[in-house]
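The lines below spell out each chain.
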Amino acid sequence: VYTRDSKLPESLKPRLRKAAQKVNFDFDKDFEITDNSCKALEKGEEVVLREKFAGKMAIQTEKQLQQQAVVARTAATNSVRTE
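Residues numbered from 1 in each chain as written. Predicted model: local features only at pLDDT ≥ 70, side-chain atom pairs only at ≥ 80, totals over all residues. Heavy atoms only, no water.

**Considerations on the overall build of the protein chain**
Move 1: Scanning the protein chain from terminus to terminus reveals 3 helices and 0 strands.
Move 2: Starting at the N terminus and walking to the C terminus, you meet the elements of the protein chain as α-α-α.
Move 3: For a compact globule of 83 residues, the expected C-alpha radius of gyration is about 12 Å, and the protein chain comes in at 26 Å, more than 25% above that figure.
Move 4: Seen through its C-alpha atoms, the protein chain measures out along the principal axes to roughly 75 × 40 × 20 Å.
Move 5: Per-residue burial for the protein chain yields a buried fraction of 7% across its 83 residues. (Helix = DSSP H or I, 4+ residues; strand = E, 2+ residues; numbered from the N terminus. Rg over C-alpha atoms; globule rule 2.2 N^0.38 Å. Buried < 20%, exposed > 50% of the residue type's maximum accessible area, 1.4 Å probe, protein only.)

**Details of the packing of aromatic side chains**
Move 1: Applying the stated criterion across every chain yields a total of 2 aromatic pairs.
Move 2: When the centroid spacing of 5.7 Å and the interplanar angle of 25° are considered together, the rings of Phe-27 and Phe-31 count as stacked.
Move 3: One aromatic cluster is present, formed by Phe-25, Phe-27 and Phe-31 through successive ring pairs. (Phe/Tyr/Trp six-rings, centres within 6.5 Å; stacked < 30°, edge-to-face > 60°.)

**Brief notes about the confidence of the model for the protein chain**
Move 1: Of all residues in the protein chain, 99% attain a pLDDT of 70 or more, and the chain-wide mean is 88.
Move 2: Between the elements of the protein chain, mean pLDDT differs from a low of 88, seen in helix α3 (residues 45–82), to a high of 95, seen in helix α1 (residues 13–22). (pLDDT = per-residue confidence, 0-100.)

Structure below.
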């Protein structure tokens, strides 16, 4: 259920229970209500997240360099073959 609120409004739950019951589901057992509110980062957590991001960027850059090296090698091989 999409809502602009961070939590599912209590006013919607009765309607959702009825709708779920119509298709043989139990809203309270078969569905999970999530909390989409933004939580404040704990001390030091920001650094850990930045390190993870930097690591992923480094791996992505390495893969791109490997792909470019393969393309360059292939182009060089084709160039030698045509001569």
